[in-house]
Structures are given as structure tokens and as C-alpha cells.
Amino acid sequence: MKQQKFFGIILVFCVLPTLVGCASTSTFDGSRVKNADSYQLDIKTMNCTDTHTLELKQGDTLKIQFETEKGNLSMKITAPDGTELYQGDGTVKEFTVEAPMDGAYPIFVVGQKAKGSIHIDVGRVPEAVESEGTQKLEPEPEPVTLSADDLVGPWHLADDEKDNATAIEAIPSAIELGSSMEITSDGHISWYIGADGGTGTYSLSGDILSADMTNDFDQSSMKMEFTAEKTEGGIFLYTEYKGLLLCWLQGEGETGKGGDNEVETSYPGADVEELVNLRGDTTTVYKLADGTYMDRIERHFSYNGSACKAQAMFIQKYGKEKFFYVHDKLHEVHDFKKTQEILGTDAEEGLKILERYL
């Protein structure tokens, strides 16, 4: 019995040096970097096993650089379900491994008297901008493709546009005379806002209408660009003028486009107007079926846009005092209706007629 105990003690002392010797040979000399996005080993000497786990999403990639300079160096990468994605010794020095699913990916590196390097960097799949159930972004509008025929006809300043309202307030006589634009099929364009405006020719390229115009009042040349936008609400033309972004809408505005069932509204002007003469007297007039107006004592009045424009041009050029003088002289010869008829043939001709009475 004593002999058995003695033999057991000797066996324990024989085994201990062996275990201690394994521990002494488990060494790593070099640098290690371990974080959520990388695993890097720069190895001078390695006699052990090193591990690191990376949390990946499906589609993420591991960009790997693996080089064995000396000894034996091997690596194994395992998916969350236990599938082996890679096992090798660095024969292929640069490669990628793609994550097939979300989860934890263990990496095992074993070195035996090894020298070399392993650099692993995670390439993340970009996160979706919008999650399921959120509103999708509106697609970019397609470029407008228009022909000249699409733009032919009358135009008016669109309602509820801030700069349009500013223009009406800022441009002389715009409140009284209103605004209008006309585009013709033969390449001509003209517009006015109160006592301002121009005429000229245009060319169309894509959604850009380029116009070479002459100012109606000082005869200076001006180039204008209109950008077309086609929506469910109609066709709009945007242009910059005197620091304002003006928005023109196709059509005649409140007066409509005419037709068999639209007699009275095919003429410009509201159904009821308050007329103010140059001396400040006010008269209420009502539109008739032929587009003229009549007051309560059955005096007839005519609304003529060209005549109004000619008078506005004269005021801008010579001032109100001279206009009052010319107005009185003209009415010594013609009544109101005849004056409107004479001046209304053409705005430029109307201006010349007024200038004769200076």
C-alpha cells in the first residue's frame, strides 16, 4: 500500500514538468488590434491560438490580407450557423468573404513558430434611407419636352405666386392695366405688366424658351429665358425679371379662352368695373354681351388693352402732367369711345398718336 502511494507521487511530479513546458511554449510576440470593424495581427513570433468575433449583417464583407512569412499560420472563419466560410494558410494573400446572414462570426488563428500578418477590415452594407412603411421619396421629374405648338396662345401671371404679387405692386400701372403675354406660332412673343413689357422673337430648345426682345418703352434690347414646367395644373413658364421670379400660366386667366358657350367671358375685364377718370370721378359700369360696358344712365364704354397700354407707355415716357394735357386735347376732338378705338389699334401706334398732341 505504501509503495502504491509513493508511485503515485512520483507520477504527479513527472507529469507537472510536461504541462509547464506546454504553457511556456504558448507565446505571441507582435501587435494585435481587435474592434467592431477590424481584426489585425502583425506577428513576429506566434505559438498559440488567437480568436476574435465580429458582428456582421447579411451582405457585409470581410476584406482580408493574409501573409505567412515563416512557420505555420492558419485561419478559420465560421458563420453563425456553424458553416465554415474560410480555412487556409495564406496561400492566397488578398481576398474577401461575404456574410450570408446576420450574426456573430468567430475567427480562429493558429500559429506554430509563425511569423506573418493578418489584416481583416469590415465593409458594411449601407443602411437603407427609409424603412419599410415609410413614405417613398418622389421620383425626379422627367425633363419637359414641348413643341412650339404647346406654347402658342395667351398667358397670364399665375395667382398665389409671391413674386407675381410683388411685380403687380411694383411695376407702374400694373394694378390698373393688368398683365398678359402672347406667344404665336410664327416665332413671336410679346408681354406686358402694366406700363412695362416687350416684344420680340423666340426659339425653343427642350424646356427653355429663349427670347430676343425690345423693351416697349425705351426701345432697349433685352434677352429673356423662360423655363417650361408641365404639371397636372397646366403649363407654366418661369422667368427672372428685375430680380423677381415671374410665373406665367397658359390661358387667359379669369377671362377664359372663349367658345360657343362663353360669350361674355371671351372679352377682357370683370363683369362689374369701377372706372375713375383723370379728374377723380368714379363711375360703376357693367359688361354687356358684346364686351363693352354700360353705366346706369346707359352710357357705353369700351375696354381696350392696347389703348390702356399706349397710355401707360406715354405716362412712363413723359409723365402724368403731360398726359393730362394730351388727354384733354384728344378729347376736344374725339369722345371716349372713339379715343379708345383710335389708340387701341396697336400700342406703338397709339403712343405715336398721343405724342402728336404734345
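Conventions and cut-offs
Residues numbered from 1 in each chain as written. Predicted model: local features only at pLDDT ≥ 70, side-chain atom pairs only at ≥ 80, totals over all residues. Heavy atoms only, no water. Phe/Tyr/Trp six-rings, centres within 6.5 Å; stacked < 30°, edge-to-face > 60°. Lys NZ or Arg CZ within 6 Å of the ring centre and 35° of its normal. Core = buried A, V, L, I, M, F, W, Y, C linked by side-chain atoms within 4.5 Å. Buried < 20%, exposed > 50% of the residue type's maximum accessible area, 1.4 Å probe, protein only. Helix = DSSP H or I, 4+ residues; strand = E, 2+ residues; numbered from the N terminus. Contact = heavy atoms within 4.5 Å. Pairing = 2+ DSSP bridges. Axes fitted to C-alpha atoms, helices over the stretch in contact; angles between N-to-C directions.

1. Brief notes about the packing of aromatic side chains
Line of reasoning, step 1. A complete count under the given rule lists four aromatic pairs for this structure.
Line of reasoning, step 2. Three or more aromatic residues link up through ring pairs in this structure, and these residues are W191, Y241 and W248.
Line of reasoning, step 3. The cationic tip of R32 hangs over the ring face of F28; the distance from NZ or CZ to the ring centre is 4.1 Å.
Line of reasoning, step 4. We note K76 situated over the ring of F108; from NZ or CZ to the ring centre the distance is 5.6 Å.

2. A short note on the nonpolar core
Line of reasoning, step 1. Counting residues in hydrophobic clusters, the biggest one holds 26 residues, and the most contacted among them are L62, I64, M75, V109 and I120.
Line of reasoning, step 2. Contributing elements (two or more residues each) for this core: β2 (38-56), β3 (61-78), β5 (94-98) and β6 (103-123).
Line of reasoning, step 3. Non-local contacts of I64, meaning those with residues more than four positions away in its chain, are made with M75, I77, K93, E94, F95, V97, H119 and I120.
Line of reasoning, step 4. One finds W155, I171, M224 and W248 within the second-largest nonpolar core, a separate group that totals 25 residues.

3. A short note on the sheet that holds strand β12 (residues 221-231)
Line of reasoning, step 1. Strands sit in the order β7-β8-β9-β10-β11-β12-β13-β14 around a closed barrel of eight strands; the barrel is antiparallel. Direction aside, the axes of adjacent strands within the sheet are offset by 30 degrees on average.
Line of reasoning, step 2. Where strand β8 (residues 179-183) and strand β9 (residues 188-193) come together, five bridges link them in antiparallel fashion. The residue bridging M181 from the neighbouring strand is W191, located in β9.

4. A short note on the pairing of β9
Line of reasoning, step 1. If you look at the hairpin formed by β8 and β9, you'll find four residues sitting between the two strands, and G187 has a positive phi there, around 90 degrees.
Line of reasoning, step 2. Count of turn residues in the β9/strand β10 (residues 196-205) antiparallel hairpin: two residues, of which G194 carries a positive phi of about 60 degrees.

It is worth stressing that arrangement in space is one thing and function is another; only the former is reported here.
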